[in-house]
Every structure is written in C-alpha cells, then in structure tokens.
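Summary of the model geometry
Each chain is listed here by its residues.
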Amino acid sequence: MTEFGKSEAASLRRAQQVSTHDPRDTDGAIAPGFALVNAAESFVSPIRNPWPLNSQPTVVSHHNQPKDRRSVAAKLAELPRRARPGDSGFDAFAIDLI
C-alpha cells in the first residue's frame, strides 16, 4: 500500500474478498493474511515512474506520517476474523511496517 488515502478503500475491499469463505474450502487449513505497509514519508513508485529513473523527472509521493500508516493499520484491523470453522475471515493476520 503505497498511496495511503487513494488505495485504502480498494485494498480493504480486495482483502475482504480474499477472506470470504468458499464452501469448497476445508476447515482443516488456516486462512492467513499479510499486509506490508510502506511507512516512509516519501516514496518513488514504479507505477508513477514507468521509465528508467533519471531519464525523466521523478514523481515522488509524499505521506503524512505517522497519521497515514495508523489509518491503514486501523482499516486492516477491520478485516474479518474467523470465530469458528465455516466462518468467513482470516484465522491470523500480520501487518509489517517498513
């Protein structure tokens, strides 16, 4: 998640879709989740800079830290957790800040 405000809702929707229980799944397997959150104050995205660096002006994204990373962590904490076999959600979820 690089652009906190813009990606927050879309990333949460994708994670919720992944955590939805499929009746063909087995309850004998765990459903783990993992999010890697970029906590830097600035970031050079390869999506915003699809050319070799130094060949054109670099687009740098700036973030309001620590507010932005707290906001993302709070949204990720809203993801569903399974309370019992057959439920939708994650059995375990980890957030790593870099």
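Keep in mind it's a predicted model, so treat the numbers as computed, not measured.

1. Description of the overall build of the protein
- When its secondary structure is counted, the protein shows two helices and four strands.
- For the protein, the succession of helices and strands along the chain, N to C, is α-β-β-β-α-β.
- Element-wise, carbon and sulfur atoms account for 55% of the exposed surface of the protein, whose accessible area totals about 6600 Å².

2. Comments concerning the nonpolar core
- Among the nonpolar cores identified, the biggest contains six residues, and these are Ala-35, Val-37, Val-72, Leu-76, Leu-79 and Phe-90.
- Counting only elements with at least two residues in this core, the list comes to β1 (32-37) and α2 (67-77).

3. What about the pairing of β1?
- Where burial is concerned, the two faces of β1 differ: the one with Gly-33, Ala-35 and Val-37 is buried and the one with Pro-32, Phe-34 and Leu-36 is not.
- Strand direction decides the pairing type here: β1 and strand β4 (residues 92-97), joined by six bridges, are parallel. Residue pairing across strands places Leu-36 opposite Asp-96, the latter belonging to β4.

4. Comments concerning the pattern of salt bridges
- The final tally for this structure, using the stated rule, is three salt bridges.
- Between Lys-75 and Glu-78 there is a salt bridge, with the nearest N and O atoms lying 3.7 Å from each other.
- Relative accessible area serves as the criterion here: at 29%, Lys-75 is assigned to the partly exposed category.
- Its salt-bridge partner being Asp-87, residue Arg-84 comes within 2.9 Å of it at the nearest N-O pair.

5. Looking at unusual backbone geometry
- Look at the link from Gln-65 to Pro-66: it is a cis peptide, with omega at 5°.
- As for its position among the elements, Pro-66 is in the loop between β3 (61-62) and α2.
- A positive phi angle, close to 75°, is found at Asn-54, a residue other than glycine.
- Relative to the assigned elements, Asn-54 resides in the loop between β2 (42-43) and β3.
- Looking at Asn-54, the relative accessible area reads 77%, which means it is exposed.

6. Some details on the side chain of Arg-82
- By the secondary structure assignment, Arg-82 is in the loop between α2 and β4.
- Here Arg-82 falls in the buried class, since its relative accessible area comes to 17%.
- A distance of 2.5 Å separates the side chain of Arg-82 from the side chain of Asp-91, its partner in a polar contact.

7. Let's talk about the environment of Ile-47
- Residue position: Ile-47 is located in the loop between β2 and β3.
- Between the alpha carbons of Ile-47 and Val-59 there is a distance of 9.8 Å; along the sequence they are 12 residues apart.

Definitions and limits used
- Residues numbered from 1 in each chain as written.
- Predicted model: local features only at pLDDT ≥ 70, side-chain atom pairs only at ≥ 80, totals over all residues.
- Heavy atoms only, no water.
- Helix = DSSP H or I, 4+ residues; strand = E, 2+ residues; numbered from the N terminus.
- Areas by Shrake-Rupley, 256 points an atom, 1.4 Å probe, with all protein chains shown as cover.
- Core = buried A, V, L, I, M, F, W, Y, C linked by side-chain atoms within 4.5 Å.
- Buried < 20%, exposed > 50% of the residue type's maximum accessible area, 1.4 Å probe, protein only.
- Pairing = 2+ DSSP bridges.
- Salt bridge = Lys/Arg side-chain N within 4 Å of Asp/Glu carboxyl O.
- Polar contact = N/O pair within 3.5 Å; in protein donor to acceptor, adjacent residues only side chain to side chain.

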